[in-house]
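As a plain string of letters, each chain reads:
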Amino acid sequence: MAQTSKNIAIIGSGLVGSLLAIYLRKNGHTVTVFDRRPDIRTIKFSGRSINLAMSNRGWRSLDEVGIGDKIKDIAIPLDKRAMHVNDKPMYFQKYGKDGEAIWSISRGVLNKRMIDLAEEEGATFRFNEKVWDVDLPEAKIYTGETEKSEWKEYQYDVIFGCDGAFSRVRHKMQRRSRFNYSQNFIDVGYKELTIPANEDGTHKLDKNSFHIWPRGEFMLIAMPNIDGSFTCTLFLPFEGGVSFESIKTENDAREFFKKYFPNVRKDIEDLTKDFFNHPTSAMVTMKCYPWTYWDKVALVGDSAHAIVPFYGQGMNAGFEDIYVLNKLMDKHGDDWDTIFSEYQEERKPNADAIAELSYRNFVEMSSKTADPKFLLQKKIEKHFAAKHPEKWVPVYSRVTFSDRPYSEALAIGDMQETIMKQVMQMPNIEEKWDSKEVEEKILALLNDS
């Protein structure tokens, strides 16, 4: 159903804001994007990034507006994890079936490309313009140099808050009656480091792998960039025996990497300099409801549902918000009340599900991926899934290589975990893990569930 052209403001020029701008322009709306920060295309972007992992949901959202191919040329497919466990040779874990991969993309490179594409569609960007207040019923925004300076007023038909976990738009909505809100910081922070390319521009590590150094309470990951480098992210508790707090000097940093990451420490560029120059960033799960105000204002992406990054789904979930919004705009035309109402009702349970899955995956990636019992369980699941693909799809594949609801993946994953707990208690499971007996036990438990 065609829509009447509206004058729409988007607060936030990040990945979600710029993709939403493209969708809205293609629907014939006038779009202005406000951002308090400078134009990312004019500044050096580094120091607090985790490379993005584009998966099926993200690609579907890009393909829907015809820009998937323009993004694929800045991305690298990763079809497996490369596990770096101390005192063991590196080994690989395939993500899914042949041909299934996540795609590593630099956040800065992608954001620049997305703003270019949004401008090509006719969106207007207003950088260095800080939104200090939002009049929700009137869909007005107020910008100015500082909170106490003179403000400019802008009138719009609809406002979208795409301004991240600490959203100014959501902050205004929080003051309304019966608005539910929670935020939960985990005790682990992260810091960005870099492995540079070889002199000939090639990658120092396998370039089609997501590299993980699991160390129990902490871990290092590395994802490839198209220039031959890797963006590394160190996840480490803020306080405690081994923590950011305990690494006070350059010598402490060197000793830490020598002890826990000996096979890669020499490759990390400017290890001690970057360690102290780059910020230590926090990670938060943020939930709220409602996501909309009348037919005037809606939250999209992290401003509605910030999650920890351990499933690589933050961007994908935000892009899927836009995909769903667009389908509802096609369906309901100018009935923005119904569009917004159905949007939040459909997306809220899925946002809560991926928040839970992301937190669980942190525990799995940091501690369980090196645990023999866990690895055996995954081996049994994989063996069974290969024999019965119609009966057993791993939860990771349901999240990453599917566009079925996140809530469905969580529910089925919980059911599968209950089954596997019983299977792992079978006597001598290590010896008979690929036997007919184990296969029949799983089939019987599936029938009972």
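Scoring rules and cut-offs
Residues numbered from 1 in each chain as written. Predicted model: local features only at pLDDT ≥ 70, side-chain atom pairs only at ≥ 80, totals over all residues. Heavy atoms only, no water. 1 Å grid on protein atoms, 1.4 Å probe; cavity = no way out; pocket = protein on both sides within 12 Å on 5 of 7 lines; lining within 4 Å. Points joined across faces, edges and corners; volume = space filled by probe spheres on them. Helix = DSSP H or I, 4+ residues; strand = E, 2+ residues; numbered from the N terminus. Pairing = 2+ DSSP bridges. Axes fitted to C-alpha atoms, helices over the stretch in contact; angles between N-to-C directions. Buried < 20%, exposed > 50% of the residue type's maximum accessible area, 1.4 Å probe, protein only. Polar contact = N/O pair within 3.5 Å; in protein donor to acceptor, adjacent residues only side chain to side chain. Core = buried A, V, L, I, M, F, W, Y, C linked by side-chain atoms within 4.5 Å. Contact = heavy atoms within 4.5 Å. Nonpolar A, V, L, I, M, F, W, Y, C, P; charged D, E, K, R; others polar. Salt bridge = Lys/Arg side-chain N within 4 Å of Asp/Glu carboxyl O. Expected span 1.5 Å × (residues − 1).

### Topic: empty space enclosed by the protein
In total, this model carries 1 cavity of 30 Å³ or more according to the counting rule given. Around the largest cavity, the lining residues are Ile380, His383, Phe384, Trp433, Ser435, Val438, Glu439 and Ile442. Sorting the residues of the lining of the largest cavity by element identifies α11 (372–387) and α15 (436–448) as the ones contributing at least two each.

### Quick word on the sheet that holds strand β5 (residues 80–83)
Judged by pairing direction, the sheet is mixed, and its 6 strands sit side by side in the order β6-β5-β15-β16-β17-β14 without closing on themselves. Because the sheet does not close on itself, it has two edges, and the strands there are β6 (91–94) and β14 (188–195). The mean inter-strand angle of the sheet, taken between neighbouring strand axes irrespective of direction, is 25°. Examined bridge by bridge, β14 and strand β17 (residues 230–237) share 8 bridges and lie antiparallel to one another.

### Thoughts on the side chain of serine 209
Relative to the assigned elements, serine 209 resides in strand β15 (residues 209–214). Judged by relative accessible area, which is 0%, serine 209 ranks as buried. Here lysine 80 takes part through its side chain, which lies 3.3 Å from a polar atom of the side chain of serine 209. In terms of polar contacts, serine 209 uses its side chain to reach the side chain of aspartate 206, at 2.7 Å.

### Section: the pairing of strand β9 (residues 131–135)
In terms of strand pairing, β9 meets strand β10 (residues 140–143) through 4 bridges, oriented antiparallel. Of the residues in β10, the one forming a bridge with aspartate 135 is lysine 140. Hairpin geometry of β9 and β10 is characterised by an intervening segment of 4 residues between the two adjacent antiparallel strands and by a positive phi of about 55° at alanine 139.

### What about the nonpolar core?
Judged by nonpolar contacts, the single largest core of 74 residues is most densely connected at Met54, Ile71, Leu110 and Phe160. With residues near it in sequence (within four places) discarded, leucine 110 still touches Leu15, Leu52, Met54, Ile71, Ile74, Ile105 and Met315. Core analysis: the second largest hydrophobic core is formed by 36 residues, Ile76, Phe310, Ile354 and Phe362 among them.

### Regarding the layout of surface pockets
Looking at the second largest pocket, its volume works out to about 1,300 Å³. Lining the second largest pocket are 42 residues, and of these Glu364, Lys378, Glu381, Pro394 and Tyr396 lie nearest its centre. If you list the elements that add at least two residues to the lining of the second largest pocket, you get β6, α10 (336–366), α11, α12 (395–400) and α13 (406–424). Per-element accounting of the lining of the second largest pocket gives the leading share, 10 residues, to α11. Across the lining of the second largest pocket, the residue classes tally to 19 nonpolar, 8 polar and 15 charged.

### A few points about the pairing of strand β7 (residues 102–105)
Along β7, one buried face is formed by Ile102 and Ser104 and the opposite face, lined by Trp103 and Ile105, is buried too. Alignment of strand β3 (residues 52–54) against β7, held across 3 bridges, turns out to be antiparallel. Paired with leucine 52 across the bridge in β7 is isoleucine 105. Alignment of strand β4 (residues 76–78) against β7, held across 3 bridges, turns out to be antiparallel.

### Some remarks on the sheet that holds β4
Strands sit in the order β3-β7-β4 across an open sheet of 3 strands; the sheet is antiparallel. The open sheet is flanked by β3 and β4, the only strands paired with a single partner. The sheet shows a mean angle of 40° between the axes of neighbouring strands, taken without regard to direction.

### Structural notes on the pattern of salt bridges
Considering all chains together, one arrives at 30 salt bridges under this definition. A salt bridge links arginine 41 to aspartate 116; the shortest N-O distance between them is 2.8 Å. A residue pair is termed long-range when its members are at least 10 positions apart, and arginine 41 in the loop between β2 (30–34) and β3 and aspartate 116 in helix α4 (residues 107–120) qualify at 75 residues. On the basis of relative accessibility, which here comes to 25%, the residue arginine 41 falls in the partly exposed class. Residue aspartate 116 is classed as partly exposed on the basis of its relative accessible area of 32%. Each of the salt bridges in this network shares a partner with another, and the network as a whole consists of Arg57, Arg60, Glu320, Asp321, Arg347 and Asp403.

### With respect to helix α1 (residues 15–26)
Across its 12 residues, α1 extends 17 Å between first and last C-alpha, which sits within 8% of the 16 Å expected from 1.5 Å per residue. Burial within α1 is extensive, with 10 of its 12 residues counted as buried. Every buried residue of α1 is accounted for by Leu15, Val16, Gly17, Ser18, Leu19, Leu20, Ala21, Ile22, Tyr23 and Leu24.

### Section: unusual backbone geometry
Following tyrosine 289, the chain continues to proline 290 via a peptide bond in cis, the omega torsion being 0°. Residues other than glycine seldom take positive phi values, yet asparagine 128 does so here, at roughly 55°. By secondary structure assignment, the location of asparagine 128 is in the loop between β8 (124–126) and β9. In the Ramachandran plot, tryptophan 294 falls in the positive-phi region, its phi being about 50° despite a non-glycine side chain. Here tryptophan 294 lies in the loop between β19 (292–293) and β20 (297–299). Residue class for tryptophan 294 comes out exposed when judged on its relative accessible area of 51%.

### A closer look at the environment of methionine 424
Within the element layout of this structure, methionine 424 appears in helix α13. Judged by relative accessible area, which is 10%, methionine 424 ranks as buried. Placed 50 residues apart in sequence, methionine 424 and phenylalanine 374 show a C-alpha to C-alpha distance of 9.5 Å. Apart from the residues within four sequence positions on either side, methionine 424 is in contact with Lys373, Leu376, Gln377, Ile380 and Ile429.

Just distances and angles here, no functional claims.
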